[in-house]
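Structure assessment
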Amino acid sequence: MQLKYGINMSDLFKNIVSHSKEYGFVFPSSEIYDGLSAVYDYGPLGTLLKNNIREYWWKSMVQLHDNIHGLDAAIFMAPKTWKASGHVDAFMDPLIDNKDSKKRYRADVLIEDYLEKIEKKIDKEVSKAAKRFGDDFVEEKFKAEHPRVSRYVQTIGEIKSEMARCLNENDLKGLGTLINELDIADPVSGSRNWTEVRQFNLMFSTQHGSLAGGDGKLYLRPETAQGIFVNFLNVANTTRSRIPFGIAQTGKAFRNEIIARQFIFRMREFEQMEMQYFVRPGEEMKYYEYWKDFRMKWHRAMGIPESKLRFHLHDNLAHYANAAVDIEFDFPFGFKELEGIHSRTDFDLKKHQEFSGKKLQYFDAELNKNYTPYVVETSIGLDRMFLALLSHAYQEDEVPDADGKASTRLVLKLPPALAPVKCAVLPLVKNKEELTEKARSIFNSLRFSFDCQYDEKDAIGRRYRRQDAIGTPYCITVDFESLEDDSVTLRERDSLEQQRLHISEVEGVIREKTSLNTLLRSLQ
Ligand code: ATP
């Protein structure tokens, strides 16, 4: 059972965090100085995995769509950008402190956690009834008619709508009242001794050059999207793009999150992969549906099952959005946002036009008129995607050991195309020079094509386990037979199947099985 804010996390989550550190995927930042909260460094394998996810995103968005162009905008932007976008005045989270535990929370998250508890109660009743009624069970009917469950459903609706009202109207007092009326306790101390709710701006700021005071104040971008909006005309003109077209970029973003204690799920420095798609006003819903479908397909193509992904419609739309949905993933601590797909109207371009005094319009030759395009965006956190993949891939299963007895192995069942290391070359034993020489020569040739590892230390079984633990999809074993007929054994990570191949076939087979093309083709 897990709770929020890093306490009593499920064993699975704890294991993933320690596995990440042990095998060089993710380290706490500046660890020798006891780390910096919610900031992390990616180790050798983590860097490879992250690069592979980024490449998969980039190719699927930019390479596969001939009307989407790449951009790499700077992290620092003219400070007026953030005034125009609304971040200076409104990029706030409602903050509440517990006077006894001195812990700080997001008021809306405390309420959402409360709602989640009621949802769990409903789920429990539903699965009990489904068992009892078998094929005759109709979930919606049960939820509407069962006295206790229908009361839960109604309560959830009432709380959600009051929370949405408070957030939309910036009614901080109302949020505080809701927390007190629901009798929500501090998850750490159990205390109900709360401060008032107040606003907290999430942007980090720094100084530009030698200018002192307000004049030199710069913000670290809290999202990459604004770099795209302000470059809208530059890209449109230089690529001679016609609407609809998109601009994509990946890069760091910074948010001074109030609560950031779920490993790389919520960080203060993180990476986003965002795409803004510029369309004719009135046609945005068509593209919103397209991107919803495409992005869900992108997740499913990695082998993430339907049961671990879901859409979550926004209850309270931002004032500039006319549709918004999240793709949620079932993390070890429950379903949480992984990606957002938002129809943002012409809000951002119009605001930048107003604040910069520069025209940000598009001339539509077909309609023979100028207009401000509407925007549909897809926005995903690379680090969150990394955590989702790791959580899905991390498994313990039973496999036969060298003596045929069942033993538990720890394996990362990552999609082969994204695995940090594609294959490991292993001489059966290390003290036979002919074997190690042959294995090294195979390794030296394969490394031109793939990220490979050569490993001769320890018994072969232990080496297989080490590769399983980092998600290497294929191991090539060089044995005494190899010296005679140039054949090797190819071992597959998930099925454990072993296949005998001629050395000359190895590169082709691994290329086919680990190629990103396979993933990309499944998106068509
Ligand atoms: P949340 O509600 O979880 O704070 P958000 O709705 O503020 O997220 P967006 O502003 O829509 O998030 O950002 C787009 C994506 O960027 C998110 O779906 C998420 O994957 C990622 N992201 C946002 N904040 C963080 C963070 N602090 N750490 C890691 N990834 C983040």
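Residues numbered from 1 in each chain as written. Predicted model: local features only at pLDDT ≥ 70, side-chain atom pairs only at ≥ 80, totals over all residues. Heavy atoms only, no water.

1. Section: the sheet that holds strand E6 (residues 198-201)
We count it as follows: Two strands pair if DSSP finds at least two bridges between them. Numbering of helices and strands runs from the N terminus; a helix is a DSSP stretch of H or I covering at least four residues, while a strand is a stretch of E covering at least two. Simply put, an axis is a line fit to the C-alpha atoms, just over the touching stretch for a helix, and the angle between two N-to-C directions goes from 0 to 180 degrees.
Overall, antiparallel pairing links the three strands, which are arranged E5-E4-E6 in an open sheet. Two strands close off the open sheet at either side, each with one partner strand: strand E5 (104-106) and E6. The average angle at which neighbouring strand axes cross in this sheet is 45 degrees, direction not considered.

2. Quick look at the pairing of strand E16 (residues 374-381)
Filter applied, for reference: Only protein chains enter the accessibility calculation, which uses a 1.4 Å probe; a residue is then buried when its area is under 20% of its type maximum, exposed when over 50%, and partly exposed in between.
Within E16, eight of the eight residues are buried, which leaves the element mostly enclosed by the surrounding structure. Residues Tyr 374, Val 376, Thr 378 and Ile 380 point to one face of E16 and Val 375, Glu 377, Ser 379 and Gly 381 to the other, with burial holding for every one of them. Relative to E16, strand E10 (residues 269-279) runs antiparallel, the two being bridged by eight bridges. Following the sheet pairing, Gln 272 is matched in E16 by Gly 381. Across five bridges, strand E13 (residues 334-343) lies against E16 in antiparallel orientation. Along E16, the bridge assignment pairs Glu 339 with Ile 380.

3. Comments concerning the site of the ligand
Let me state the cut-off plainly: Each residue is tested against the molecule or strand, and it is near if at least one of its non-hydrogen atoms lies within 4 Å. Whenever two N or O atoms come within 3.5 Å, that pair is a polar contact, provided that in protein one can donate a hydrogen and the other can accept it, and provided that, for residues adjacent in sequence, both atoms are side-chain atoms. Per-residue accessibility takes into account occlusion by the displayed protein chains alone, with areas from the Shrake-Rupley method and a 1.4 Å probe. Classification convention: Asp, Glu, Lys, Arg as charged; Ala, Val, Leu, Ile, Met, Phe, Trp, Tyr, Cys, Pro as nonpolar; all other residues, Gly among them, as polar.
Neighbouring residues of the ligand: 17 residues in total, closest Glu 257, Arg 266, Met 267, Glu 337 and Leu 338. With respect to the ligand, the side chain of Arg 255 contributes an N or O atom lying 2.9 Å from an oxygen atom. Arg 266 is positioned with one of its side-chain polar atoms (N or O) 2.7 Å from an oxygen atom of the ligand. Protein chains bury 85% of the 590 Å² of accessible surface belonging to the ligand in isolation. No other element matches E13, which puts five residues into the shell around the ligand. In the shell around the ligand, the residues fall into five nonpolar, five polar and seven charged.

4. Remarks on the environment of Ser 205
Short version of the rule: Any two residues whose heavy atoms approach within 4.5 Å are treated as being in contact.
Within the secondary structure, Ser 205 is located in strand E7 (residues 205-207). In this structure Ser 205 comes out as partly exposed when scored by relative accessible area, which is 42%. Here the alpha-carbon distance between Ser 205 and Ser 20, two residues 185 residues apart in the chain, equals 31 Å. Here Ser 205 is in contact with Lys 217, Leu 218 and Tyr 219, once residues within four sequence places are set aside.

5. Some thoughts on the domain arrangement of the chain
To be explicit about the condition: The start and end points of each domain follow an automatic or database-based domain assignment. Summed over both partners, the accessible area lost on bringing two parts together, with a 1.4 Å probe, is the buried area. A pair is scored as a salt bridge if a Lys or Arg side-chain nitrogen falls within 4 Å of a carboxyl oxygen belonging to Asp or Glu.
Partitioning the chain into structural domains gives domain 1 (71-91 + 202-394), domain 2 (93-196) and domain 3 (401-521). Each of domain 1 and domain 3 has a C-alpha centre, and the two are 40 Å apart. Taken together, the six residues of domain 1 in the interface contact eight residues of domain 3. Taking both partners together, domain 1 and domain 3 bury about 630 Å²; carbon and sulfur atoms supply 79% of that area. Considering only the surface of domain 1 that becomes buried against domain 3, Met 302, Ala 393 and Tyr 394 emerge as the three largest contributors, covering 62% of it. At the junction of domain 1 with domain 3, the criterion picks out zero salt bridges. Taken together, the connections running from domain 1 to domain 3 amount to one residue pair in polar contact (both at pLDDT 80 or more). With three residues, helix H13 (residues 382-393) is the largest single contributor of residues to the side of domain 1 that touches domain 3. Split into classes, the residues belonging to the side of domain 1 that touches domain 3 amount to six nonpolar, no polar and no charged.

6. Describing the packing of helix H7 (residues 147-168) against helix H8 (residues 172-181)
How two helices sit against one another is set out by the angle between their axes and by the gap between those axes. Heads up, the rule is: Angles below 35 degrees are treated as roughly parallel, those above 145 as roughly antiparallel, those between 65 and 115 as roughly perpendicular, and all remaining angles as oblique. With the far helix as reference, a near helix turned anticlockwise by less than a right angle produces a left-handed crossing, and one turned clockwise produces a right-handed crossing.
At their nearest, the axes of H7 and H8 sit 8 Å apart, and the two run at 155 degrees to each other. In this view, H7 runs roughly antiparallel relative to H8, as classed from their interaxial angle. Considering the relative orientation of H7 and H8, their crossing is left-handed. Where H7 abuts H8, its residues Ile 159, Glu 162, Met 163, Cys 166 and Leu 167 lie against Gly 174, Leu 175 and Leu 178. Among the residues making up the contact of H7 with H8, the classes are represented as six nonpolar, one polar and one charged.

7. Structural notes on the packing of aromatic side chains
The cut-off we apply is this: Any Phe, Tyr or Trp ring, taking Trp's six-membered ring, that has another such ring centre within 6.5 Å forms a pair; planes under 30 degrees apart are called stacked, those over 60 apart edge-to-face, and the others tilted. Note on geometry: a ring has a charge over it if NZ (lysine) or CZ (arginine) is within 6 Å of the ring centre and within 35 degrees of the ring normal.
Summed over the entire model, instances satisfying the criterion amount to 23 aromatic pairs. Ring geometry for Phe 13 and Phe 333: centres 5.0 Å apart, planes at 65 degrees, overall edge-to-face. Taken as a pair, Phe 13 in helix H1 (residues 11-22) and Phe 333 in the loop between strand E12 (323-331) and E13 lie far apart in primary sequence, 320 residues in all. Accessibility assignment for this pair places Phe 13 and Phe 333 in one class, buried. Taking 6.3 Å as the distance between ring centres and 50 degrees as the angle between the ring planes, the aromatic pair formed by Trp 57 and Trp 58 counts as tilted. An aromatic cluster is present here, built from Phe 13, Tyr 40, Phe 263, Phe 265, Phe 329, Phe 331 and Phe 333 joined pairwise through their rings. Above the plane of the ring of Phe 311 lies Lys 292, whose end atom (NZ or CZ) is 4.9 Å from the centre.

8. Examining the side chain of Glu 223
For clarity, the cut-off: Charge assignment in this entry is limited to Lys and Arg as positive and Asp and Glu as negative, and neither His nor the chain termini are counted.
Its location among the elements puts Glu 223 in the loop between strand E8 (217-219) and helix H9 (225-230). Buried charge Glu 223 goes without a salt bridge, the closest partner of opposite sign being Arg 344 at 4.3 Å. A polar contact of 2.8 Å, which involves the side chain of Glu 223, links it to the side chain of Gln 226. Excluding its chain neighbours within four sequence positions, the residues that come into contact with Glu 223 are Trp 82, His 87, Ala 253, Arg 255, Gln 272, Glu 274 and Arg 344.

9. Details of the confidence of the model for the chain
Close inspection of predicted coordinates is inappropriate in any region flagged by low pLDDT. What counts is decided by this rule: The pLDDT value expresses, per residue, how confident the predictor is, ranging between 0 and 100.
Counting all residues, the mean pLDDT for the chain is 92, and 97% of those residues have values of 70 or more. Within the model, the stretch residues 1-9 combines pLDDT values under 50 with 26 contacts to residues more than four positions away or in other chains.

10. Observations regarding the pairing of strand E21 (residues 474-478)
With five of five residues buried, E21 is to be regarded as a mostly interior element. Of the two faces of E21, the one lined by Tyr 474, Ile 476 and Val 478 and the one lined by Cys 475 and Thr 477 are each fully buried. Two strands pair when backbone bridges link them, and strand E19 (residues 423-427) and E21 are joined in this way by five bridges, in the parallel orientation. The partner of Cys 423 across the bridge, within E21, is Tyr 474. Judged from the four bridges that link them, E21 and strand E22 (residues 487-492) form a sheet pairing that is antiparallel.

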